[in-house]
Amino acid sequence: MPKKAKSTSFGGQKVTPAGKRHLESRAPKLRENPKTLLCLRGSKTSTSSTAALKSLALLLKPHSKVLDRKREDLKPLEDASSVEKLCSSHDASLFAIASSSKKRPDNLVLGRLHDGHLLDAFEFGVLQPGGPCEK
């Protein structure tokens, strides 16, 4: 018969020791952890917007995650639920999305989340990518 994990009380709820450690790591702290940037590609991207996205990820290197797969449902200025879900699953509070269309070529959308909800988002046009990725 397998042993049961000992449960302790954390805020009036019974929680296992592993759950208690997880809740304590997510609780407010005097010195907060650095914010993590999640870099995403939209359904269509150009080389200049992708290069700008990778340069931004390299600038924040230890605190950034790059997801290279193209995603069809990323439109943070219209519906933020998909971005909020991705950022919460990767524990990121900042995001950057590269996209390109005929109406808005070479776009870069930067935004931030607070408490898992979209706080603000800004859309920039990439004129000339520069930085570490540019040769």
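Refer to the structure above for everything that follows.
Keep in mind that what you see is a predicted model, and the values were worked out from it rather than measured.

About the criteria used
Each chain has its residues counted from 1, running along the sequence as written. Where totals are concerned, whole chains, interfaces and linings use all residues; where local detail is concerned, this predicted model gives features only for residues with pLDDT of at least 70, and gives and counts side-chain atom pairs only at 80 or more. Side-chain calculation: all heavy atoms of the structure are included, whereas hydrogens and water are not. Like charges are joined within 9 Å and nonpolar side chains (Val, Leu, Ile, Met, Phe, Trp, Tyr) within 5 Å, but only among residues with over 30% relative accessible area and no salt bridge; these make up the patches. Accessible areas in this description were obtained via Shrake-Rupley with a 1.4 Å probe; residue shielding takes into account the shown protein chains only. The term salt bridge refers to a side-chain nitrogen of Lys or Arg lying within 4 Å of a carboxyl oxygen of Asp or Glu. Neither His nor the chain ends is counted toward charge; the positive residues are Lys and Arg and the negative residues Asp and Glu. All charge positions are set by atom: Lys at NZ, Arg at CZ, Asp at CG, Glu at CD. Counting from the N terminus, the helices are the DSSP runs of H or I reaching at least four residues and the strands are the DSSP runs of E reaching at least two. The pairing criterion is simple: DSSP has to find at least two bridges between the two strands. Between the N-to-C directions of two axes lies an angle of 0 to 180 degrees, each axis being a line fitted to C-alpha atoms and, for a helix, fitted only over the stretch in contact. Note on definitions: a residue-residue contact is assigned when non-hydrogen atoms from the two residues lie within 4.5 Å. For every residue, the accessible area obtained with a 1.4 Å probe (protein chains only) is divided by the maximum for its type, and the residue is called buried under 20%, exposed over 50%, and partly exposed between those limits. For the purposes of this section, nonpolar cores are sets of buried Ala, Val, Leu, Ile, Met, Phe, Trp, Tyr and Cys residues that join through side-chain atoms within 4.5 Å.

Looking at a negative patch on the surface
Here's step 1: Together, Glu 72, Asp 73, Glu 78 and Asp 79 make up a negatively charged patch on the protein surface.
Here's step 2: Within the fold, Glu 78 resides in the loop between β4 (64-70) and α3 (81-89).

Here we look at the sheet that holds strand β3 (residues 37-41)
Here's step 1: Strand order in this open sheet of 5 strands is β4-β3-β5-β6-β7, and the pairing throughout is mixed. A single partner strand is all that each edge strand has here, and the edge strands are β4 and β7 (117-125). Taken over all neighbouring pairs, the strand axes of this sheet differ in orientation by 20 degrees on average, direction set aside.
Here's step 2: Here helix α2 (residues 47-59) sits on the sheet and contacts β3, β4, β5 (94-99) and β6 (107-114); the angle it forms with β5, its principal contact strand, is near 160 degrees.

Some words on the side chain of Ser 93
Here's step 1: Position of Ser 93 among the secondary structure elements: in the loop between α3 and β5.
Here's step 2: For Ser 93, the residues in contact, after removing those within four places along its chain, are Lys 35, Thr 36, Gly 111, Arg 112 and Leu 113.

Some thoughts on α3
Here's step 1: Listing the buried residues of α3 in full gives Ser 82, Val 83, Glu 84, Leu 86 and Cys 87.
Here's step 2: As for α3, its buried residues are in contact with β3, β4, β5, β6 and β7.
Here's step 3: Asp 91 sits one or two positions beyond α3 and adopts a positive phi of about 55 degrees.

Considerations on the nonpolar core
Here's step 1: Leu 38, Leu 40, Leu 67, Leu 74, Val 83, Leu 86, Cys 87, Ala 92, Phe 95, Ile 97, Val 109 and Leu 113 together form the largest nonpolar core, which totals 12 residues.
Here's step 2: Among the elements that line this core, the one with the most residues is α3, at 3 residues.
Here's step 3: When residues no more than four places from it in sequence are discounted, the contact partners of Leu 67 are Leu 38, Cys 39, Leu 40, Arg 41, Leu 86 and His 90.
Here's step 4: In this structure, Ala 52, Ala 57, Ala 98 and Val 126 belong to the second largest nonpolar core, which totals 9 residues.

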